[in-house]
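Chain residues, written in single-letter form:
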Amino acid sequence: MGKDCFFCFSSELNHLVQDFCETSNNSSTDKFIVSNSPLHTESYSPEINFYISNTQASNTDKAKALFSIYSSRLDRFDFSKQSERKTSLNKTIALVSNHELPELVEKLT
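Reading the values: the criteria
Per-chain numbering applies: the sequence of each chain, read as written, is numbered from 1 onward. Two thresholds apply to this predicted model, a pLDDT of at least 70 for residue-level local features and 80 or more for giving and counting side-chain atom pairs, whereas whole-chain, interface and lining totals are computed over all residues. Neither water nor hydrogens contribute to the side-chain values; these are computed over all heavy atoms in the structure. Helix and strand labels come from DSSP, where a helix needs a run of H or I of at least four residues and a strand needs a run of E of at least two; each type is numbered from the N terminus. We call a residue buried when its accessible area falls under 20% of the maximum for its residue type, exposed when it is over 50%, and partly exposed in between, using a 1.4 Å probe and counting protein chains only. Here, residues are in contact when the closest pair of their heavy atoms is within 4.5 Å. The method behind every accessible area is Shrake-Rupley, applied with a 1.4 Å probe, and residues are considered shielded solely by the protein chains displayed. Definition used in this section: a nonpolar core is a set of buried Ala, Val, Leu, Ile, Met, Phe, Trp, Tyr and Cys residues joined via side-chain atoms within 4.5 Å. Here an axis means a line fitted to C-alpha atoms, over the contact stretch when the element is a helix, while the angle between two N-to-C directions is reported on a 0 to 180 degree scale. Angle categories are assigned with fixed cut-offs, so that under 35 degrees is roughly parallel, over 145 is roughly antiparallel, 65 to 115 is roughly perpendicular, and the rest are oblique. Ten residues, namely Ala, Val, Leu, Ile, Met, Phe, Trp, Tyr, Cys and Pro, are considered nonpolar, four, namely Asp, Glu, Lys and Arg, are considered charged, and the remaining ones, Gly among them, are considered polar. Per residue, pLDDT measures the predictor's confidence, with a range of 0 to 100.

Engineer: Give a detailed account of the overall build of the protein, specifying residues and quantitative values.
Structural biologist: On a plain count of helices and strands, the protein comes out with 4 helices and 4 strands. Reading the secondary structure of the protein in the N-to-C direction produces β-α-β-β-β-α-α-α. Counting across all 109 residues of the protein, residues that qualify as buried make up 29%. Put simply, of all contacts in the protein between residues at least 6 apart along the chain, 43% involve residues at least 24 apart. Carbon and sulfur atoms provide 50% of the accessible area of the protein, an area that totals close to 8300 Å².

The following block contains the structure:
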């Protein structure tokens with residue numbers, strides 16, 4: 001996993017994720033694919049903050065869980081059906097309606 005992820009929580013936890021996330025306690029202007037901060041991301045992951053705030057796991061287990069959460073979010077992003085598409089259109093309009101043509105002409109004029 002490249003550094004497509006951003007982690008912003010507390011500096012004592014940065015070492016847990018530094019192998020697979022960019023870390024910072026200040027505002028970054030970069031955009032990342034996955035982040036636990038809504039300001040830095042294409043795919044905001046609030047479950048990361050929830051996990052960190054509520055877990056009593058050891059640091060090793062936290063690191064494994066965070067890696068799994070980030071990996072899962074990256075996979076969902078990579079395999080999502082949402083994608084940008086661009087299509088050139090000509091000046092033809094197709095109308096589909098339950099109304100008769102005279103009613104449509106009246107409504108459009």
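Engineer: Pulling in residues and values, what's your account of the nonpolar core?
Structural biologist: In this structure, F7, V17, C21 and Y70 are the most contacted members of the largest nonpolar core, which totals 15 residues. If you tally residues by element for this core, the top one is helix α3 (residues 59-78), at 5 residues.

Engineer: Could you give an account of the packing of helix α2 (residues 46-54) against α3, naming the residues involved and the relevant values?
Structural biologist: The N-to-C vectors of α2 and α3 enclose an angle of 170 degrees; their axes lie 10 Å apart at closest approach. With respect to α3, the element α2 is oriented roughly antiparallel. Of the residues in α3, those in contact with P46, E47, I48, Y51 and I52 of α2 are D61, K62, A65, L66, I69, Y70, R73 and R76. In terms of residue class, the contact of α2 with α3 is made up of 8 nonpolar, no polar and 5 charged.

Engineer: Any chance you could break down the confidence of the model for the protein for me, citing the residues and the numbers?
Structural biologist: Looking at the protein, pLDDT values average 77 and 82% of them are 70 or higher. For the protein, strand β1 (residues 5-7) is the element with the lowest average pLDDT, namely 75, and α2 is the one with the highest, namely 89.

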